[in-house]
Each structure stands twice: as C-alpha cells, then as structure tokens.
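Residue-level structure breakdown
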Amino acid sequence: MSPQVQTQTYDVRLSNHTNPAARALLECILRKRSNLCVSVDLSTSAELLEVVDAVGPSVCLIKTHMDIVEDFDQSVIDRLRVLSEKHDFLIFEDRKFADIGNTVVLQYSKGVHKIASWAQLTNAHVVPGSGIITGLASVGLPLGRGLLLLAEMSSAGTLAQGAYTDAALAMAREHRDFVVGFIAQRRLGDEDWLILTPGVQLGSGGDSMGQQYNTPREVVRRGADVIIVGRGVYGKRGEAGKEAERYRKEGWEAYLARVGGGTSRLL
Ligand code: 5IU
C-alpha cells in the first residue's frame, strides 16, 4: 500500500500518468466530480442504451460486456459513442482477455466487436504470462488505449490472490506505458496505478453465485480510485439515474474523506 498515492488528489495524480486513456479518465473524474463507473450488464441494445442515457450525467466511465448484447451491430457502438459525448464519459469493455498474444491481437482488433476501435479501456487476465500484454499493446498503444490487469476478483473462492496478485503487479511494471492499473479490491504497489473495484453496493452482502459486495466507502478507503457498480444502480427499473447519482455522491465523499479534503463543499 502506498500512503502517498492513497492521499493524493486526482488532480495531483494526473501528472503521474502519460497514457492518454488514463489521463482522459482522471480529467473526466475531475470535471464531473465522479469516480463512479456503472457496469451495464443488459442483453438488448435498447435496455443498455436506456440505462446509459439515464446514468450518463453521474459517471466517469461506462463498463460494457458487449458479447451479451443479443442484437449487436455497429449501430450500438455508434449510439453508445453519441451518449459518451453527450454525457462526457469513457468506455471500458470488460473483455477479460485470457489467451496468447497472437490470439488477443485478433480478439481486440477484429471480429464482430472490434473493441480497440471504441473502448478506451479494456482488461486482461495475467494467467497466460506477459505475452498477452505485448499483444494487446501492439493494437492498443497506437490508438491511445489503456489496459487494466485483473489482479484480484470480488468473487468468493477467487484464485487471484497472494502470489498471483504479486505476479500481476510485476507484469504491470514491465509495461507501464500501456498498463494503467488494476481491477483489484485494494490499492496495490507503491507507484501510481489506477485501482478500479467491482463488487460494490450500498448494502453489503452478495448474490447467489459468489459475488461479494462492499460499500463505496469501504472500497475507496482500501484504495479504489473508481468504484464499479452494476445491479446496485440499474437493478430497480426506472431508478437507474437516481441511484447513479446516489452512488456518485457516496464515492466522491469517500474520496474526499480519503484525501482529507472536507465534505460537501465539492459535492
Ligand atoms: N466483475 C466483478 N468482479 C470482479 C471482476 C468483474 O463483479 O472481480 I474482474 C464484473 C462483473 C459485472 C460487474 O459485470 O463487474 C459487477 O456487477 P454487479 O455490481 O451487478 O454485481
């Protein structure tokens, strides 16, 4: 844990980052006073885009699983990008790449989704070894994209812990230009990595399939720079916009408490 990064403001941390996607995310966080990412796991484009439009004003980042959208075509991406300009947020495709370098090059740039062409951020497992990063970087770096490594998971019984998490950190250090941070449950390393944390809800607990939740306040205290919330925001139909704003405030207050910057003044 780095006490220094932990108490630095997003503003100060901007100068620690050169990757364009990392910088754009930090700038957006500051503009919107939001460290909230909403994960929209809905399987029709109409539902997906409706929720994105509703939560857009409150988020810095939208996380997608484009492979679950049943009526996917390029127009879904076009409409998502229109919303990202309308509301000012970045896009993170939670693709969790996990293959050898040569294969992930193709999965990232080609196929139906062409992820590299629209997602500023994506993520990868480290289980294949560092060739996965070399492969993804060969596509993503020229486009100004950034990569998050899966260092820990929120689910019960995860194998991503201990030596595995340490190995993810070591791999990231070899690719500092492209790897901008981690999906993790706490701050990792002494350097300035962006920590994005899923498994967040205002009531703690979990679901029936191993998901485990912590509150925004708790994960930010442990080092989350961006909180990722899915069903906590879009679970109640018609209330996603209101819930997103509630989580934005919670996340931002927790950040202010962490960096020691007072409370309501900046809300
Ligand atoms: N997600 C997790 N935990 C993890 C990783 C990813 O929940 O460790 I890595 C994803 C799965 C889902 C979202 O897309 O984050 C969380 O959704 P809910 O807030 O609805 O549980």
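Rules of the game
- Residues numbered from 1 in each chain as written.
- Predicted model: local features only at pLDDT ≥ 70, side-chain atom pairs only at ≥ 80, totals over all residues.
- Heavy atoms only, no water.
- Helix = DSSP H or I, 4+ residues; strand = E, 2+ residues; numbered from the N terminus.
- Buried < 20%, exposed > 50% of the residue type's maximum accessible area, 1.4 Å probe, protein only.
- Contact = heavy atoms within 4.5 Å.
- Pairing = 2+ DSSP bridges.
- Axes fitted to C-alpha atoms, helices over the stretch in contact; angles between N-to-C directions.
- Expected span 1.5 Å × (residues − 1).
- Near = heavy atom within 4 Å.
- Polar contact = N/O pair within 3.5 Å; in protein donor to acceptor, adjacent residues only side chain to side chain.
- Areas by Shrake-Rupley, 256 points an atom, 1.4 Å probe, with all protein chains shown as cover.
- Nonpolar A, V, L, I, M, F, W, Y, C, P; charged D, E, K, R; others polar.
- UniProt positions renumbered as here; feature names shortened; annotations may be inferred.
- Left-handed = near helix turned anticlockwise from the far one by under 90°.
- Parallel < 35°, antiparallel > 145°, perpendicular 65-115°, else oblique.

1. Quick look at the environment of R221
- Residue placement: R221 occurs in helix α9 (residues 216–222).
- On the basis of relative accessible area, R221 is assigned to the exposed category, the value being 53%.
- Between the C-alpha atom of R221 and that of G189, which follows or precedes it by 32 residues, the distance is 16 Å.
- Aside from chain neighbours lying at most four places away, what touches R221 is Q6 and R258.

2. Details of the sheet that holds strand β10 (residues 226–229)
- If you trace the eight strands once around the closed barrel, you get β1-β2-β3-β4-β5-β6-β7-β10, paired in parallel fashion. The mean angle between the axes of side-by-side strands here comes to 25°, regardless of whether they run parallel or antiparallel.
- Here helix α3 (residues 20–32) sits on the sheet in contact with β2 (61–64), β3 (90–97), β4 (121–124), β5 (146–150), β6 (179–183), β7 (194–197) and β10, set at roughly 130° to β3.
- Along the sheet face, helix α7 (residues 131–140) touches β3, β4, β5 and β6 and points at about 160° away from the line of β5.

3. Observations concerning helix α11 (residues 240–259)
- Taking 1.5 Å as the rise per residue, α11 with 20 residues should run 28 Å; its terminal C-alpha atoms sit 28 Å apart, in good agreement.
- Taken as a whole, α11 has its buried residues at A240, E243, A244, Y247, R248, G251, W252, A254, Y255, L256, R258 and V259.

4. A word on the site of the ligand
- By nearness alone, 15 residues border the ligand, and D41, K63, S154, Y213 and R231 come closest of all.
- Separating an oxygen atom of the ligand from a side-chain N or O atom of Q211 is a distance of 2.8 Å.
- When isolated, the ligand has an accessible area of 490 Å², and the protein chains bury 92% of it.
- For the shell around the ligand, the class distribution of residues is five nonpolar, five polar and five charged.

5. Considering unusual backbone geometry
- Phi angles above zero are rare outside glycine, and R33 is one such case at about 50°.
- In this fold, R33 is placed in the loop between α3 and β1 (36–39).
- For R33, a relative accessible area of 35% corresponds to the partly exposed category.
- Here K114, not a glycine, exhibits a phi torsion of approximately 45°, which is positive.
- One can find K114 in the loop between α6 (101–109) and β4.
- Of the residues examined, K114 reaches a relative accessible area of 39% and is grouped as partly exposed.

6. Some thoughts on the UniProt feature "binding site: substrate" (unreviewed entry) in the protein
- What UniProt calls "binding site: substrate" (unreviewed entry) maps, in this numbering, to D41, K63, S154, Q211, G230 and R231.
- Tracing the backbone shows K63 in strand β2.
- Residue classification places K63 among the buried positions, given a relative accessible area of 5%.
- Here K63 is in contact with C37, V38, S39, V40, D41, F92, D94 and I228, once residues within four sequence places are set aside.
- Mapped onto the elements, S154 comes out in the loop between β5 and α8 (163–173).
- For S154, a relative accessible area of 10% translates into the label buried.
- Sequence-distant contacts of S154, that is, excluding residues within four places in its chain, are made with Q185, P198, G199, G210, Q211 and Q212.
- Within polar-contact distance, the side chain of S154 engages the side chain of Q211 at 2.5 Å.

7. Notes on the packing of α6 against α7
- The contact between α6 and α7 brings their axes to 8 Å, and the two run at 35°. The hand of the α6/α7 crossing is right-handed. Taking contact as the criterion, the partners of G101, V104, V105, Y108 and S109 in α6 are, on α7, G131, I132, G135, L136, S138, V139 and G140.

8. Comments concerning the packing of helix α4 (residues 45–55) against helix α5 (residues 74–87)
- Two elements in contact, α4 and α5, have axes separated by 10 Å at closest approach and are oriented at 5°. The pairing of α4 with α5 is recorded here as roughly parallel in orientation. Facing S45, L48, L49, V52 and D53 of α4, the residues of α5 in contact are V76, R79, L80, L83, K86 and H87.
- Residues that form the contact of α4 with α5 fall into these classes: six nonpolar, two polar and three charged.

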